[in-house]
Amino acid sequence: AGTGATTLVQGNNGDFYLGGHAGEAAAITRATLAGSIVWQYTFDLSPGADRIVHLRPDGSGLLLGGAIGQAGDERWGTLFKYDPVDNALLWSTTLPLGNNGSLRKIALNPENGHLFFTGSLGQGNTTAGLLGEVDTGSGTLLWHRQLAQGDQAFIHAVGVGFTHV
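Residues numbered from 1 in each chain as written. Predicted model: local features only at pLDDT ≥ 70, side-chain atom pairs only at ≥ 80, totals over all residues. Heavy atoms only, no water.

> Which parts of the structure should I look at to understand the overall build of the protein?
Helix and strand content of the protein: zero helices and 14 strands. In sequence order, the secondary structure elements of the protein are arranged as β-β-β-β-β-β-β-β-β-β-β-β-β-β. Residues classed as buried in the protein amount to 45% of the 165 residues present. Of all intrachain contacts in the protein linking residues separated by at least 6 positions in sequence, the fraction that spans at least 24 positions is 37%. (Helix = DSSP H or I, 4+ residues; strand = E, 2+ residues; numbered from the N terminus. Buried < 20%, exposed > 50% of the residue type's maximum accessible area, 1.4 Å probe, protein only. Contact = heavy atoms within 4.5 Å.)

Below is the structure:
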């Protein structure tokens, strides 16, 4: 399974946070601007192998993220909030994605600071777009919608002030 990084953000302290995986565990690694590894934190988010695919600072020093997990033919998308100072996973919310779904993007809702997410739900050759919102304080799933049922239809991104389908 190895180790890999799939996303990178700069923290409030100037260091970088890499999201990815270490073996079958989701991993967040803190690195200095010179490339020195400060620490790595691994955690289990779903019933299968996990990898972090998105990280973003929340503006207060915490990190919001999204991960994909897979066991056999089933996939899960997990949204989470992580405190890099206290090395603590504050909450995580996991959704089943079918056997070929994905978590595509995360963005902050400019009106309330909650976390939007997009992706796809899928079984076989049929996928549907997925759009939802999670409360960033508690991790509670506020709502989610399945969109554009059909062959390979999914939402690519949510931007501030517009939705791109």
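> Is there a simple way to explain the environment of Ala26 in this structure?
You can see Ala26 is positioned in strand 3 (residues 25-31). According to the relative accessible area criterion, Ala26 is buried, its value standing at 0%. Look past the residues within four positions of Ala26 in its chain and what remains in contact with it is Gly20, His21, Tyr41, Thr42, Phe43, Leu45, Asp50 and Ile52.

> Explanation requested: the sheet that holds strand 1 (residues 3-10) in the structure shown.
Sheet strands line up and pair through hydrogen bonds in the backbone, either parallel or antiparallel. Reading across the sheet, the four strands line up as 1-2-3-4 and stay open at both edges, with antiparallel pairing between neighbours. Every other strand in the sheet has two partners, leaving strand 1 and strand 4 (37-43) as the edge strands with one partner each. With strand direction ignored, the average angle separating the axes of adjacent strands in the sheet is 20 degrees. One ladder, built from seven bridges, connects strand 1 with strand 2 (residues 16-22); its direction is antiparallel. (Pairing = 2+ DSSP bridges. Axes fitted to C-alpha atoms, helices over the stretch in contact; angles between N-to-C directions.)

> Any chance you could explain the confidence of the model for the protein here in plain terms?
For residues with low pLDDT, the predicted coordinates do not support detailed interpretation. Per-residue pLDDT for the protein averages 86, and the proportion of residues at 70 or more is 88%. Contacts from residues 150-165, a stretch scored under 50 in pLDDT, to residues over four places away or in other chains number 34 contacts. (pLDDT = per-residue confidence, 0-100.)

> Mind showing me how you'd approach the packing of aromatic side chains here?
Describing an aromatic ring pair means giving the distance of the ring centres and the angle of the ring planes. Summed over all chains, the structure comprises seven aromatic pairs. On the basis of an interplanar angle of 65 degrees and a centroid distance of 6.4 Å, the ring pair of Phe116 and Trp143 is categorised as edge-to-face. With Phe116 in strand 10 (residues 115-123) and Trp143 in strand 12 (residues 141-150), this pair connects stretches of sequence that are 27 residues apart. Aromatic ring contacts, followed pair by pair, group Tyr17, Trp39, Tyr41, Phe43, Phe80 and Tyr82 into a single cluster. (Phe/Tyr/Trp six-rings, centres within 6.5 Å; stacked < 30°, edge-to-face > 60°.)

> Hey, could you run me through the pattern of salt bridges in this one?
Pairs can form between side chains of opposite charge once their charged atoms are near each other. Tallying each qualifying case throughout the model produces one salt bridge. Asp15 serves as the salt-bridge partner of Arg30, at 2.7 Å between the closest nitrogen and oxygen. Of this pair, Arg30 sits in strand 3 while Asp15 sits in the loop between strand 1 and strand 2, and the two are 15 residues apart along the sequence. A residue is classified by how much of its surface remains accessible, and Asp15, at 11% relative accessible area, is buried. (Salt bridge = Lys/Arg side-chain N within 4 Å of Asp/Glu carboxyl O.)

> Explain the side chain of Thr7 here, please?
Its place among the elements puts Thr7 in strand 1. According to the relative accessible area criterion, Thr7 is buried, its value standing at 15%. Not counting chain neighbours up to four residues away, the residues in contact with Thr7 comprise Tyr17, Leu18, Gly19, Ile52, Val53, His54 and Leu55.

> I would appreciate a short explanation of the nonpolar core in the present structure.
As a rule of thumb, nonpolar side chains are buried together in soluble globular proteins. Core analysis: the biggest nonpolar cluster contains 14 residues, and Leu79 and Phe117 have the highest contact counts within it. Those elements that place two or more of their residues in this core are strand 6 (63-71), strand 8 (88-98), strand 9 (102-108), strand 10 and strand 11 (126-134). Apart from the residues within four sequence positions on either side, Leu79 is in contact with Gly65, Gly66, Trp91, Ser92, Thr93, Leu103, Ile106, Leu115, Phe117 and Val134. In this structure, Val9, Ile28, Leu45 and Leu55 belong to the second largest nonpolar core, which totals 13 residues. (Core = buried A, V, L, I, M, F, W, Y, C linked by side-chain atoms within 4.5 Å.)

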